[in-house]
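Structural overview for review
The primary structure of each chain is shown beneath.
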Amino acid sequence: MARPTRAHVDLAAIRHNYAHAKTRAPGARALAVVKADAYGHGAVAVARTLAPLADAFAVACTEEALALRESGIGNPIVLLEGIFEPAELGLLDSARLTPVAHSREQVDWLCRARPTRPLAVWLKMDTGMHRLGLEPSDFAAAYARLADCPHVSEIVLMTHLACADEPDHPATQAQLACFSAHAGALPGPRSIANSAAVLGYPPAHGHWLRPGIMLYGASPLGEAHASAAALRPTIALESRLISVRHLAPGEAIGYGGRFVCQRPTRVGVVAAGYADGYPRHARDGTPVAVNGKPSRLIGRVSMDMLTVDLTDQPGAHPGDPVQLWGDLVAANAVAAASDTIAYQLFTGRSQRVPVSYRDDR
Ligand SMILES: *Cc1c(COP(=O)(O)O)cnc(C)c1O
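Counting starts from 1 at the beginning of each chain's written sequence and moves along it residue by residue. Whole-chain, interface and lining totals are the exception, using all residues; otherwise, since this is a predicted model, local features are given only for residues with pLDDT of at least 70 and side-chain atom pairs are given and counted only at 80 or more. In computing side-chain properties, one takes all heavy atoms of the structure into account and sets aside hydrogens as well as water.

Nonpolar side chains in soluble globular proteins tend to end up buried together. For the purposes of this section, nonpolar cores are sets of buried Ala, Val, Leu, Ile, Met, Phe, Trp, Tyr and Cys residues that join through side-chain atoms within 4.5 Å. Think of it in three bands: residues with accessible area under 20% of the maximum for their type are buried, residues over 50% are exposed, and the middle band is partly exposed, with areas taken using a 1.4 Å probe on protein chains only. Core analysis: the largest hydrophobic core is formed by 110 residues, its most contacted members being F57, L123 and F346. Domain start and end points were adopted from an automatic or database domain assignment. Each of two domains, domain 1 (11-217) and domain 2 (235-358), supplies a minimum of three residues to this core. Sequence-distant contacts of F346, defined by excluding residues within four places in its chain, comprise Y39, G40, H41, I213, Y216, A218, I235, W325 and A331. Judged by nonpolar contacts, the second largest core, of six residues, contains L247, F259, C261 and I298. What makes two residues a contact is simply this: any of their non-hydrogen atoms within 4.5 Å.

This is how it looks when you write it as structure tokens:
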């Protein structure tokens, strides 16, 4: 038997989640964010399934955009960090890409471009995230410079929220106030909302939503928030038991002997580890499913294996199926038990884990 570690992606669920994003803000358009290989789901497969629905796609760089163009995706594609050097200006034109401009330098480059067709630009303001974006006081001047360029056909005004995953956080209101104070008088569509704001902060919806993680079934507001039930899980990481053993009270499991059995314990060894993208920092008790039934991680995660408690499953045997996250085990729950976020679990799947796709129409 080949190594049974696999990822399964449900394309119909991704379409459902995109449609759900749009129903949250009727009339708004939505960029489907497919950067980082569509959060580990496979950017080409995800873009192909969303292409008939998606108003546009968003990626991190021209390399990611070209992979979509080469696979026949014709939708508009926004480069969320813009171009990294002026040498990429030609690609904007030849591959019909839409750059973000987040700095004066990028505005300079775009003003100097001489594209063969009109260029749309997403102009980004730093309203408090303090990562990328023009200073609020520079924004109107940058807008005017772009608006004066005969080749710039449209300017979308954008900003990014730092704390939208905590809907009561005062920073979000302050960011929106900053945005309207410095962009309020300028014409053009607005784009503010990541998944957290799409789901939890309607005043930030604007004209263009930018859903990412919610397309992949994990609510950034957590499993306790009602939004988690409206989203369908899109990826399952699965493997099988490859060994089962019996340990006596006082015996320890795995590296460092982190878990010491308190009772006679049936231990299952699963063929999945941190080299597959399972978090090494997962604590004892992290949920897993064996034969579709709840179980828990015990002992430190190794490179290629991890260990689970089968004491309550006397019938479990080598070869039985294990789900590490998916429809039975929320990725958010595994992330919470590992001091990380579902984003990192999804983007961390390693190349050695093959992906298969299903599409129920
Ligand atoms: C990645 C990204 C998003 C999507 O964020 P999610 O939290 O995954 O919804 C939206 N906007 C920008 C600028 C991004 O970089």
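There's plenty left to go through after this.
Moving on, we come to the domain arrangement of the protein chain. Domains assigned within the protein chain are domain 1 (11-217) and domain 2 (235-358). On a C-alpha basis, the centres of domain 1 and domain 2 stand 37 Å from each other. Contacts between the two partners involve 11 residues from domain 1, matched on the other side by eight residues from domain 2. Carbon and sulfur atoms supply 63% of the area buried between domain 1 and domain 2, which totals about 860 Å² over both sides. Buried area adds together the accessible area that both of two parts lose upon being put together, with accessible area traced by a 1.4 Å probe. Three residues, Y39, H41 and I213, lead the burial of domain 1 against domain 2; their summed loss comes to 51% of the area buried on that side. Whenever Lys or Arg places a side-chain nitrogen within 4 Å of a carboxyl oxygen from Asp or Glu, that contact is recorded as a salt bridge. For the interface between domain 1 and domain 2, the tally reads zero salt bridges. We call two N or O atoms a polar contact when they sit within 3.5 Å, provided that within protein one can donate a hydrogen and the other can accept it, with sequence-adjacent residues counted only if both atoms are side-chain atoms. At the boundary of domain 1 and domain 2, one finds three residue pairs in polar contact (both at pLDDT 80 or more). When residues of the side of domain 1 that touches domain 2 are traced back to their parent elements, those giving at least two are α1 (11-24) and α2 (35-40). Tallying contributions element by element places α2 first for the side of domain 1 that touches domain 2, with four residues. By the criteria applied, helices consist of DSSP H or I runs no shorter than four residues and strands consist of E runs no shorter than two, each listed in order from the N terminus.

Further remarks concern the site of the ligand. Nearness here has a simple test: a residue counts as near a molecule or strand if at least one of its heavy atoms is within 4 Å of that partner. Taken together, the neighbourhood of the ligand is formed by K35, Y39, L80, H160, N194, S195, R210, P211, G212, I213 and Y343. One nitrogen or oxygen atom from the main chain of I213 is found 2.8 Å from an oxygen atom belonging to the ligand. Expressed as a share of its isolated accessible area of 390 Å², the protein-covered part of the ligand is 92%. Classification convention: Asp, Glu, Lys, Arg as charged; Ala, Val, Leu, Ile, Met, Phe, Trp, Tyr, Cys, Pro as nonpolar; all other residues, Gly among them, as polar. Partitioning the shell around the ligand into residue classes produces five nonpolar, four polar and two charged. In short, Shrake-Rupley with a 1.4 Å probe defines the accessible areas, and a residue's cover is counted only from the protein chains shown.

In contact at an axis separation of 10 Å, α1 and helix α3 (residues 43-50) are set at 60 degrees when each is read in the N-to-C sense. Taken together, the axis directions place α1 and α3 in an arrangement best described as oblique. In this structure, the crossing between α1 and α3 has a hand that is right-handed. Here L11, I14, R15 and Y18 of α1 come into contact with α3, specifically with A45, V46, T49 and L50. The residue inventory of the contact of α1 with α3, partitioned by class, reads six nonpolar, one polar and one charged. Angular values range over 0 to 180 degrees, each being the angle between N-to-C directions of two axes fitted as lines to C-alpha atoms, with helices fitted over their stretch in contact. For classification purposes, an angle smaller than 35 degrees is called roughly parallel, one larger than 145 roughly antiparallel, one from 65 to 115 roughly perpendicular, and anything else oblique. Note: crossing handedness is left-handed where the near helix turns anticlockwise from the far helix by less than a right angle, and right-handed where it turns clockwise.

Expected helix span is given by 1.5 Å per residue-to-residue step, counting one fewer step than there are residues. The end-to-end C-alpha distance of α1 is 20 Å, a good match for the 20 Å that 14 residues give at a rise of 1.5 Å each. Its side-chain oxygen 3.2 Å from the backbone nitrogen of A12, D10 forms the N-cap of α1.

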